[in-house]
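What follows is the residue order along each chain.
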Amino acid sequence: ATAQPPCDSPIYCHGDLLHAVQMAHIYADDKTFVGKPTLKPVAQVLEAFALIGGRNATKEKLVGFLDAYFGPEASELKQVDLPELDPAPPFLGNVKDKLLRAYGAEVNGMWKTLVRKQDLSVLCEGCVTSMLELKHPFIVPGGRFTEIYYWDTYFTLEGLLRSGLTDLARSNILDLVALVDKYGFVPNGARNYYLDRSQPPFLTLMVKLFHEFTGDLDLARQVYPMLRKEHAYWQQPKHTVDVAAANEEATVRLNRYNVDTDAPRPESYSVDYILAHNVSADRQRQADVYADMATGAETGWDYSTRWVRDPHAPKDKILQGIRTRQVVP
């Protein structure tokens, strides 16, 4: 059976427009295009795409089309003031080396450059974005990553809590919990094209970490039902495998990463497409490559030699042996 795309968007998740733009290599990074909101309603965008030739549009026409119908990536986000940021949090006082202490203070100051809040009011009526709606301020990794990411946030919280930014730490957790409430799991990141995969399930560990630093049990009580809901997601057959025990008289149920897809990842479309076509002309074999690449991203270790057949293969060939779904981490 044909796998379902991560979302139903004919712009960000599947379709001729996505294929044409990404395979034209207009942007150095495939993630750029799928991070752009539309400037016109979807119907008008698709109509304009058809008028320039659709899937067969020239690169020149695609450039003009993108300039006219798409806005800058992350233009739906705004920076947030962080007046509560202490430029010299107490933990720095334990750092004896002056150079390291100064370095720590500089890193601590970066929080105010990485905190964001959504402002979807900038979208026109009928316009769309790939962003999943979030209510609270959150931390982005920076660079090409302009959305909150799942397991990255655990390590973000380690820093936020040491910097005394308790409210911001809580809001990051609440945003992820809201995603579980809506979708049943925490996606890889807060984009609709990530809705077919998650990442290492660290949400419960985040709540535990928050309690350890603050002594606050109210948050744990509040989000407990969603933690159970996420746990149930990871116990579905898709993410479990029964393995015979050593005595072969019983089986042990283990969890695994597993993404059901037969298409390139939208944010790395051309990379996956070229890789799969270099592996084989057979569509099923190509679909296996797409699924294993997406599953590799779900592991958070994208990409480790743990997921390939031959870790000693040449650098330009190593991912041709991707087989993530066959590995129980």
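Structure's up top.
Conventions adopted
Residues numbered from 1 in each chain as written. Predicted model: local features only at pLDDT ≥ 70, side-chain atom pairs only at ≥ 80, totals over all residues. Heavy atoms only, no water. Helix = DSSP H or I, 4+ residues; strand = E, 2+ residues; numbered from the N terminus. Rg over C-alpha atoms; globule rule 2.2 N^0.38 Å. Buried < 20%, exposed > 50% of the residue type's maximum accessible area, 1.4 Å probe, protein only. Lys, Arg positive; Asp, Glu negative; His and termini not counted. Charge placed at Lys NZ, Arg CZ, Asp CG, Glu CD. Arc of directions from axis to C-beta. Contact = heavy atoms within 4.5 Å. Disulfide = S-S within 2.5 Å. Pairing = 2+ DSSP bridges.

Engineer: Account for the overall build of the chain, naming residues and giving values.
Structural biologist: The number of helices and strands found in the chain is 12 helices and 5 strands. For 329 residues, the compact-globule estimate of 2.2 N^0.38 gives 20 Å, and the chain sits close to it at 22 Å. With the C-alpha coordinates of the chain rotated into their principal frame, the extents come out at 60 × 60 × 40 Å. Per-residue burial over the chain gives 47% buried out of 329 residues. Taken as two groups, the 36 positive and 42 negative side-chain charges of the chain have centres that lie 2 Å from each other.

Engineer: Could you give an account of helix α4 (residues 59-69), naming the residues involved and the relevant values?
Structural biologist: Listed as buried for α4 are L62, F65 and L66. Projection of α4 onto a plane perpendicular to its axis shows the buried side chains occupying an angular sector of 100°, all on one side. Counted as exposed and oriented over 90 degrees from the buried face of α4: E60 and D67. Residues of α4 that are buried make contact with α1 (16-23), α2 (30-34) and α3 (42-51).

Engineer: Got a sec to walk through the environment of P10? Specific residues and values, please.
Structural biologist: Looking at where P10 falls in the secondary structure, it is placed in the segment before α1. Look at P10 and you get partly exposed, because its relative accessible area is 29%. A sequence separation of 48 residues divides P10 from T58, and the C-alpha atoms of the two residues are 19 Å apart. Once you skip the residues sitting within four places of it in the chain, P10 turns out to touch L17, V42 and L46.

Engineer: Please give an account of the environment of P266 that cites residues and values.
Structural biologist: Along the chain, P266 falls in the loop between β5 (251-255) and α11 (269-279). Distance in space between the C-alpha atoms of P266 and L179 is 20 Å, their sequence separation being 87 residues. Setting aside its immediate chain neighbours within four residues, P266 contacts P6, Y12, C13, L18, Q22, D30, V34 and Y193.

Engineer: Could you give an account of the state of the cysteines, with specific residues and numbers?
Structural biologist: In the structure shown here, the tally under the stated rule is 2 disulfides. Across a sulfur-sulfur distance of 2.0 Å, C7 and C13 are joined as a disulfide pair. Looking down the S-S bond of the C7 and C13 bridge, the torsion is 105°, so its handedness is right-handed. The disulfide partner of C124 is C127, and the S-S distance across this bridge is 1.7 Å. Because the sign of the S-S torsion sets the handedness, a value of about 70° for the bond joining C124 and C127 places this disulfide among the right-handed ones. The class of C124 is partly exposed, set by a relative accessible area of 31%. Numbered in order of appearance, the disulfide-bonded cysteines of the chain are paired 1-2, 3-4.

Engineer: Just give me the short version of α11, but keep the residues and values in it.
Structural biologist: Within α11, burial applies to Y269, S270, D272, L275 and A276. Looking at the buried residues of α11, the elements they touch are α1, α2 and α12 (283-298).

Engineer: A description of the sheet that holds strand β3 (residues 138-139) should follow, citing residues and the corresponding values.
Structural biologist: In any sheet, the strands associate via hydrogen bonds between backbone groups, in a parallel or an antiparallel arrangement. The antiparallel open sheet is built from 3 strands, whose spatial order is β1-β2-β3. Only two strands of the sheet have a single neighbouring strand rather than two, namely β1 (77-79) and β3. Pairing between strand β2 (residues 115-118) and β3: 2 bridges, direction antiparallel. The residue bridging R116 from the neighbouring strand is F138, located in β3.

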